[in-house]
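# Breakdown of the fold
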Amino acid sequence: MTTLAIQAYRLHLPNTARPVLAGVDLTVEARETVALVGESGSGKSLTSRSALGLLPTGAGTEGTVRVNGDDVLTMTGDQLRALRTGTAAMIFQDPRAAINPLRRLGDFLTEGLNGRLAAGAATERAAEMLDAVGLPASVLGRYPGQLSGGMLQRVMIAGALMGDPALILADEPTTALDVSSQAEVVALLDDLQERFGTALLFVTHDLGLAAAISDRVYVMYAGRIVETGPAEALFNRPRHPYTAALLASTPRPDAPGGRLAAIEGRPPSLREALTGCPFAPRCPLATFLCTQQEPALLAVEAESARRAACHHSDRTGANDG
Amino acid sequence: MRKTVLEAVGLHRAYGGVQAVDQVSFTLAEGGALGIVGESGSGKTTTARIVVGLERADAGRVLVHGQDRTEHRRGRAHRLARARQVQMVFQDPYLSLDPRTTVEAVLRETLRLHFPGADHPRRIAELLDQVGLGPREAGALPRQLSGGQRQRVAIARALAVEPAVLVLDEAVAALDVSVQAQILNLLADIREQTGIGYLFITHDLGVVRCVTEDVIVMRQGRIVESGRTAEVLAAPQHPYTRLLLDSVPRPGWDPKAIAVARRSM
Ligand SMILES: Nc1ncnc2c1ncn2[C@@H]1O[C@H](COP(=O)(O)OP(=O)(O)OP(=O)(O)O)[C@@H](O)[C@H]1O
Ligand SMILES: Nc1ncnc2c1ncn2[C@@H]1O[C@H](COP(=O)(O)OP(=O)(O)OP(=O)(O)O)[C@@H](O)[C@H]1O
Ligand SMILES: [Mg+2]
Ligand SMILES: [Mg+2]
């Protein structure tokens with residue numbers, strides 16, 4: 001069974017002129033790592049949070065979001081609680097905002113297990129998980145303010161592992177880490193996948209990281225999936241101009257210094273209804289057709305699972321990235 | 001040889017038994033850009049906070065234009081003068097912006113405090129223009145702006161004071177690559193136009209390559225390597241710097257091998 005299956009998912013928020021998620025289709029299988037990349041505000045966090053049934057107040061939804069076959073959008077409060085402390089776990093972007101600064105980290109780690117394990121056993125497991133993320137058990141007695149951002153993020157990852165989840169939703173989990181700690185966290189998540197068959201949805205804006213860790217990639221823009229496919233093929237030859245532009249604007253340690261190829265302009269506001277392709281105003285390939293008709297997400301290469309939502313995907317060239 | 005604008009000499013800071021910053025010294029040339037990279041928990045933020053004056057050093061000195069910042073002289077005038085030497089931009093501008101104050105008002109308040117009697121509307125327009133914000137954003141509250149726009153506001157506010165040095169602590173880490181590219185280009189332009197110096201803390205070696213001239217690499221509170229950025233990245237001397245470079249995700253990247261190497265160090 002597909003661990004996470006999101007189908008024709010639309011999300012509306014109050015006081016907006018267009019759906020913030022406009023028909024998202026996305027799957028993650030057991031043992032699979034799927035990367036979700038895209039512009040800030042494109043809806044990556046809303047998508048991943050939806051898998052836990054965490055919706056903004058006043059949100060209206062259409063479509064389905066299934067975890068292990070059960071639709072999260074129709075779950076009762078009890079079912080949602082069971083989902084969030086067992087089947088699925090989330091690692092958030094900003095550990096400082098997600099962890100109560102006034103509580104000891106030991107309490108933060110064991111809270112989800114209350115009632116399911118004796119206090120001693122819960123603490124033991126917390127110490128084990130801290131060790132797995134490379135932190136000493138003494139962290140259990142410390143407060144969030146006493147740890148650096150990177151150390152706190154590892155505590156958060158340890159917390160996500162506590163309930164043996166089938167699905168991990170990692171929302172920019174390594175943004176606060178240096179690259180070698182990041183590698184260690186990725187190795188840790190890899191290891192868990194091998195041992196427990198965990199499915200991993202990894203939200204990131206680091207395309208190099210997405211390419212290196214994921215089996216498949218989804219690229220999001222303005223609440224839509226604009227391109228998807230196997231990581232290697234997608235990054236070697238992007239078929240949506242937005243993916244190509246993202247690759248071109250990434251700074252690299254081995255590149256010469258100097259100006260980057262930024263994408264001028266900004267993504268469409270939620271207060272404006274959209275006609276045509278949402279990327280058209282910023283797109284170097286846009287034509288009249290693009291301003292009139294929204295492109296569907298269609299297969300671009302007959303033999304593979306690659307799809308792009310672009311009227312000119314055949315003109316989107318190879319990228320040397 | 002350019003003049004030195006910022007000099008840190010033998011900085012130390014301990015928390016309980018942890019040496020967060022241990023014997024850290026560096027110099028930043030006028031109009032230069034110095035990167036700090038290193039392991040998380042290695043003392044980068046603590047170093048930055050000492051430089052800005054948000055944290056006290058147990059030992060060591062911070063000099064701006066040869067003048068000691070660490071000997072705290074009391075009084076509003078001295079406090080403002082210190083603020084004009086060094087300004088800081090944090091990772092998450094949301095936490096450092098007042099949610100009820102519009103962008104324009106933020107800049108107006110800062111200018112009134114530091115330059116009473118000057119022509120503020122003109123300077124506000126100039127600052128907004130410098131960071132690429134328009135009149136629509138000028139009247140907006142922080143929550144009505146995107147992350148990248150908020151970061152521009154934080155930069156504009158820091159620049160309003162006309163500091164000699166801008167300290168940026170993971171200031172582009174939360175931004176997606178396309179917005180990040182805009183901000184990095186913007187920072188390069190500002191440095192060229194104003195001759196401001198940057199102390200730039202980041203985890204991203206690509207970013208360091210792009211915006212800095214010199215770099216120091218920190219580990220466990222200490223500087224393990226320093227030099228010209230291009231040279232350090234092309235030919236790292238210290239094993240930890242080599243580990244950092246090997247850790248940058250790329251095709252064929254092996255996180256397990258890196259994790260093993262990291263733990264055995
Ligand atoms: N609770 C909420 N109430 C109202 N609007 C929201 C809420 N959460 C998100 N939004 C809006 O929905 C859009 C998508 O937000 P989301 O957080 O999913 O973006 P993202 O792709 O994760 O961006 P980032 O890379 O900056 O984290 C944005 O325009 C955001 O302002
Ligand atoms: N207020 C504090 N109380 C106790 N310990 C602290 C405090 N602030 C920092 N530390 C400790 O000092 C060390 C250095 O922390 P610092 O925040 O400077 O690291 P950093 O290099 O900025 O890390 P990161 O890359 O994760 O942001 C860490 O071991 C941290 O736990
Ligand atoms: Mg997000
Ligand atoms: Mg820090």
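Residues numbered from 1 in each chain as written. Chains lettered and ligands numbered in written order. Predicted model: local features only at pLDDT ≥ 70, side-chain atom pairs only at ≥ 80, totals over all residues. Heavy atoms only, no water.

From N to C terminus, chain A includes 11 helices and 12 strands. Taking 20 Å as the expected radius of gyration for a compact globule of 321 residues, we find that chain A reaches 20 Å, a close match to that expectation. Taken along its principal axes, the extent of the C-alpha atoms in chain A is 65 × 50 × 40 Å. Expressed as a percentage of the 321 residues in chain A, the buried residues total 53%. In chain A, of all internal contacts separated by at least 6 residues, the share reaching a separation of at least 24 is 67%. Within the structure as shown, chain A displays about 13,200 Å² of accessible surface, and the carbon and sulfur contribution to it stands at 51%. (Helix = DSSP H or I, 4+ residues; strand = E, 2+ residues; numbered from the N terminus. Rg over C-alpha atoms; globule rule 2.2 N^0.38 Å. Buried < 20%, exposed > 50% of the residue type's maximum accessible area, 1.4 Å probe, protein only. Contact = heavy atoms within 4.5 Å. Areas by Shrake-Rupley, 256 points an atom, 1.4 Å probe, with all protein chains shown as cover.)

The subject of this paragraph is the site of ligand 2. Around ligand 2 sit 19 residues, and of these Gln146 of chain A together with Gly41, Lys44, Thr45 and Thr46 of chain B come closest. Lying at an intersection of chains, ligand 2 is approached by residues of chains A and B. Here threonine 46 of chain B contributes a side-chain N or O atom positioned 2.5 Å from an oxygen atom of ligand 2. In isolation ligand 2 offers 640 Å² of accessible surface; the protein chains occlude 82% of this area. Put simply, the parts of the chain that give the shell around ligand 2 at least two residues each are α6 (149-161) of chain A together with β2 (18-29) and α1 (44-52) of chain B. Looking at the shell around ligand 2, its residues break down into 5 nonpolar, 12 polar and 2 charged. (Near = heavy atom within 4 Å. Polar contact = N/O pair within 3.5 Å; in protein donor to acceptor, adjacent residues only side chain to side chain. Nonpolar A, V, L, I, M, F, W, Y, C, P; charged D, E, K, R; others polar.)

Glancing now at the domain arrangement of chain B. Residues and elements named next belong to chain B. Domain boundaries in chain B define domain 1 (4-96 + 164-234) and domain 2 (238-265). Placing a centre on the C-alpha atoms of domain 1 and another on those of domain 2 gives a separation of 25 Å. Listed by partner, the interface residues are 11 residues for domain 1 and 8 residues for domain 2. Interface area lost by domain 1 to domain 2 is led by Glu39, Leu205 and Arg219, which between them contribute 49%. Note that arginine 262 is salt-bridged to glutamate 39, the shortest N-O span being 3.0 Å. Inspection of the domain 1/domain 2 interface yields 4 residue pairs in polar contact (both at pLDDT 80 or more). At the level of elements, β3 (33-38), β9 (214-219), β10 (222-228) and α10 (229-234) are the ones that each hand at least two residues to the side of domain 1 that touches domain 2. (Domains from an automatic or database assignment. Buried area = accessible area lost by both parts, 1.4 Å probe. Salt bridge = Lys/Arg side-chain N within 4 Å of Asp/Glu carboxyl O.)

Moving on to the interface of chain B and chain A. How big an interface is tends to be reported as the loss of accessible area on association of its parts. Counting residues at the interface gives 43 residues for chain B and 50 residues for chain A. Across the chain B/chain A interface, buried area totals approximately 3,600 Å², and carbon plus sulfur atoms make up 54% of it. Contact with chain A buries surface across chain B, with Val177, His203 and Arg262 of chain B losing the most and accounting together for 15% of the total. The tally of links from chain B across to chain A stands at 3 salt bridges. The interface formed by chain B and chain A holds 12 residue pairs in polar contact (both at pLDDT 80 or more) in total.

Before going further, it helps to spend a moment on the side chain of serine 48 of chain A. Mapped onto the fold, serine 48 of chain A is located in helix α1 (residues 44-50). Filtering out sequence-adjacent residues up to four positions away, serine 48 of chain A remains in contact with Met90, Leu169, Asp171, Leu201 and Val203 of chain A.

Residues and elements named next belong to chain B. Taken in spatial order, the 4 strands make up an open sheet running β2-β1-β4-β5, and their pairing is antiparallel. Edge strands, defined here as strands with exactly one partner in the open sheet, are β2 and β5 (67-68). Of the strand pairs in this sheet, strand β4 (residues 59-64) and β5 are connected by 2 bridges, and their pairing is antiparallel. By the bridge assignment for β5, leucine 63 is matched with aspartate 68. (Pairing = 2+ DSSP bridges.)

Moving on: the environment of glycine 32 of chain B. All names here are of chain B. In this structure, glycine 32 sits in the loop between β2 and β3. For glycine 32, a relative accessible area of 1% gives the class buried. As a C-alpha pair, glycine 32 and leucine 184 span 152 residues in sequence and 15 Å in three-dimensional space.

Turning to the packing of α6 of chain A against helix α7 (residues 179-196) of chain A, a few remarks are in order. Any two packed helices are characterised by the angle at which their axes cross and by the distance between the axes. Residue and element names in this part refer to chain A. Here α6 crosses α7 at 5 degrees, and the two axes come no closer than 12 Å. As judged from the angle between their axes, α6 and α7 are roughly parallel. Side by side, α6 and α7 meet where Arg154, Ile157 and Leu161 of the first sit next to Ser181, Val185, Leu188 and Leu192 of the second. Of the residues belonging to the contact of α6 with α7, the class tally is 5 nonpolar, 1 polar and 1 charged. (Axes fitted to C-alpha atoms, helices over the stretch in contact; angles between N-to-C directions. Parallel < 35°, antiparallel > 145°, perpendicular 65-115°, else oblique.)

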